[in-house]
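Residue-level listing of the chains:
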Amino acid sequence: MKKTLVSALTTALVVGAASTTFAAANPFSDVPADHWAYDAVSQLAADGVIEGYGDTTFRGNQNITRYEMAQMIAKAMAKTDVSAADKALIDKLAAEFSDELNNLGVRVSNLERNADKVKWNGEARYQYWSQRDKDAGTKSNDDELLLRLEPSAEVNRNWHVNARIDAYTDLAKDSSDTKDPLHGDSQDTNLDLVRIYAQGDYKNFQVKLGKFNPIDDDSIFDTEFSGGQVTFGNKVTFTAGAGRLDMDDVNASNNFRNEEMAKIVNSDDTANYQFAGLGYAAGKFNGGIDYHHLNADSFNYVKDNLTRQSSEDNANIWLAKAGYNFDGTSALNGFYANNTSADDLNKAWSAEYDYKGADAENKGTWGAWAAYRYLGDNTALFSTFDAVLQGQKAWEVGANYTPFRNVVTTLRYANGKNIATDNKIENLYGELEFFF
């Protein structure tokens, strides 16, 4: 389509080029054959916004100049009966060829040129926890508000810069800054730059540089690290990364421990971190085998008796995962992980069945799931689960629902035991999310 558009873009242009005074931009510079504008114009042609010859076809194989492209864009800009998607394409083309359009008398400001390169997404979330140790007779309740902003900026056709900014406030204490043992010191209304990284996407190759989440962030590594990552492949992928990782997150995720207990887990602030993974995804099946290595000066592993701990500089965690989507409405997924450097509490695994799922874009959609999770302290270092916590083994059931577009409610319930003490536990988690 790119090649066949060329003749049409030349012959269909009826704006008088000879009478136009050209400015600094060179109107005779060819648009490169791999420029994204060809795809955009192809889509507009398919939608009938840009016309070809009388039989609606395009012919020819010569290159298009930027000035010829701008003339076609000017005609498209004059149309009013276009869809929102086509209007967005036209605006993006207009921003790219603003100098040439200005020469034609169609004014496009520099602000308009850059406006589509930065996009903002975000959410406001209410969260509630109720966690009980039945044998110890203890109970902990907490609720908080989260504001999350996720900007993305286009650098060029291959590179983007992404970020995530979080802010918390504790509703139970009406506190703007609390160091609650339930969540470490994460609840803070000051904006926290959680992630910021550059991502380059190429054919069968991706690179990330900065602070971002590693592989297995959907199970036992829900955290961020500072460094780099590369991914090769399509259906079969190989991913490797290295950098530095803040070990304070281990303490924050260990919800039933107090601050003294957290010091036993790890006395280092930061660990050297490397990981690698081999993945496969095709059709209804996906799976993979991953490896994570952390090195800290004093990686003190917790034993089942809190007065006994052994000093170890390394964590070597292997993880295997698999998932199968049966019919688009139900799926099975799970993982098994083992920290070969730890003697106790060194295993973590989960098996989950999902039915449907709430879609924020579609009002009335819903989902439900049932799972069993075993999350050993020394392997599930950065567990992502909200109902079954680090150091627990339990059944979990849950459901989510979209009552209004971009509004999702979620409820999770877990019942099981603390792995180290064998105490019976019961947890409840709920959230209400507003996406924008």
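Residue numbers restart at each chain and count upward from 1, following the sequence in its written direction. A pLDDT threshold of at least 70 governs which residues receive local features in this predicted model, and a stricter bar of 80 or more applies before side-chain atom pairs are shown or counted, although totals over entire chains, interfaces and linings include all residues. With hydrogens and water set aside, each side-chain value is computed from the structure's full complement of heavy atoms.

### Side note on the overall build of the protein chain
Numbering of helices and strands runs from the N terminus; a helix is a DSSP stretch of H or I covering at least four residues, while a strand is a stretch of E covering at least two. Helix and strand counts for the protein chain come out as eight helices and 16 strands. Contacts: residue pairs with any heavy atoms within 4.5 Å of one another. The contacts in the protein chain between residues at least 6 apart in sequence include a share of 57% that link residues at least 24 apart. Only carbon and sulfur atoms are counted for the fraction: they give 53% of the accessible area of the protein chain, which is about 21,500 Å². The Shrake-Rupley method, run with a 1.4 Å probe, gives the accessible areas here. Residue values count only the displayed protein chains as cover.

### Things to note about the confidence of the model for the protein chain
Across the chain, each position has a pLDDT score giving the predictor's confidence in that residue, from 0 to 100. In the predicted model, the protein chain carries a mean pLDDT of 80, and the fraction of residues at 70 or more is 75%. The lowest-confidence element of the protein chain is helix H8 (residues 259-265), averaging 39 in pLDDT; the highest-confidence one is strand E15 (residues 407-418), averaging 98. This stretch, residues 178-188, has a pLDDT under 50; its non-local contacts, to residues over four places away or in other chains, come to 36 contacts. For residues 251-266, every residue scores under 50 in pLDDT, and the model assigns this stretch 41 contacts once sequence neighbours within four places are set aside.

### Quick look at the packing of aromatic side chains
The pairing test for Phe, Tyr and Trp rings, Trp by its six-membered ring, is centres within 6.5 Å, and the orientation test on the planes gives stacked under 30 degrees, edge-to-face over 60, and tilted for anything in between. Inspection of the entire model under this criterion finds 17 aromatic pairs. Summarising the aromatic geometry, the rings of Tyr280 and Phe285 are spaced 6.3 Å apart at their centres and angled 40 degrees between planes, so their arrangement reads as tilted. Taking relative accessible area as the criterion, Phe285 reaches 36% and is therefore assigned partly exposed. Measuring from centroid to centroid gives 5.1 Å for Tyr372 and Trp395, while their planes differ by 65 degrees, and the two rings are edge-to-face. One end of the pair, Tyr372, is in strand E13 (residues 366-375); the other, Trp395, is in strand E14 (residues 392-404), with 23 residues separating them in the sequence. With a 1.4 Å probe rolled over the protein chains alone, any residue whose accessible area is under 20% of its type maximum counts as buried; one over 50% counts as exposed, and the rest are partly exposed. With relative accessibility at 57%, the residue Trp395 sits in the exposed group.

### Remarks on the nonpolar core
Of all hydrophobic cores here, the largest spans 29 residues; its most connected members are Ile220, Phe221, Leu245, Tyr273, Leu294, Phe335 and Phe382. For this core, the secondary-structure elements that each account for two or more residues are strand E8 (270-282), strand E9 (285-302), strand E10 (309-325) and strand E11 (330-339). Definition used in this section: a nonpolar core is a set of buried Ala, Val, Leu, Ile, Met, Phe, Trp, Tyr and Cys residues joined via side-chain atoms within 4.5 Å. One finds Ala37, Val49, Ile90 and Leu93 within the second-largest nonpolar core, a separate group that totals 21 residues.

### A closer look at the pairing of E15
If DSSP finds at least two bridges between two strands, the strands pair. Across 11 bridges, E14 lies against E15 in antiparallel orientation. Looking across to E15, one finds that Phe404 is bridged to Val407. With antiparallel pairing between neighbouring strands as the criterion, E14 and E15 make up a hairpin whose turn holds two residues, including Asn406 at a positive phi of roughly 65 degrees. Bridge analysis of E15 against strand E16 (residues 424-435) gives 11 bridges, and the strand direction is antiparallel. From the neighbouring strand, Asn415 faces E16, where its bridge partner is Glu426. Counted between consecutive antiparallel strands, the loop separating E15 from E16 contains five residues, among which Asp422 sits at a positive phi close to 65 degrees.

### A short note on the packing of helix H2 (residues 36-46) against helix H4 (residues 84-96)
Contact pair H2 / H4: the axes reach a minimum separation of 10 Å and the direction vectors enclose 145 degrees. Of the two possible hands of crossing, H2 and H4 adopt the one that is left-handed. Here H2 contributes Trp36, Ala37, Ala40, Val41, Gln43 and Leu44 to the contact with H4, which in turn contributes Asp86, Leu89, Ile90, Lys92, Leu93 and Glu96. Of the residues contributing to the contact of H2 with H4, the split by class is eight nonpolar, one polar and three charged. To get an axis, a line is fitted to the C-alpha atoms, and for a helix only the part in contact is used. The angle between two axes follows their N-to-C directions and goes from 0 to 180 degrees. The crossing is said to be left-handed when, going from far helix to near helix, the turn is anticlockwise and less than a right angle, and right-handed when the turn is clockwise. Three classes are used, and their members are as follows: Ala, Val, Leu, Ile, Met, Phe, Trp, Tyr, Cys and Pro are nonpolar, Asp, Glu, Lys and Arg are charged, and the others, Gly among them, are polar.

### Points about unusual backbone geometry
Phi at Lys356 takes a positive value of approximately 55 degrees, unusual for a residue other than glycine. For Lys356, the position within the fold is in strand E12 (residues 347-356). Residue classification places Lys356 among the partly exposed positions, given a relative accessible area of 44%. Phi is positive for Asp422, close to 65 degrees, though the residue is something other than glycine. Looking at the secondary structure, you find Asp422 in the loop between E15 and E16. Under the relative-accessibility criterion, Asp422 is labelled partly exposed at 39%.

### Brief notes about the environment of Gly376
Here Gly376 is to be found in the loop between E13 and E14. By relative accessible area, which is 0% here, Gly376 ends up buried. The spatial distance from the C-alpha of Gly376 to the C-alpha of Leu345 is 4.5 Å, given a sequence separation of 31 residues. Non-local contacts of Gly376, meaning those with residues more than four positions away in its chain, are made with Leu345, Lys347, Ala348 and Ile419.

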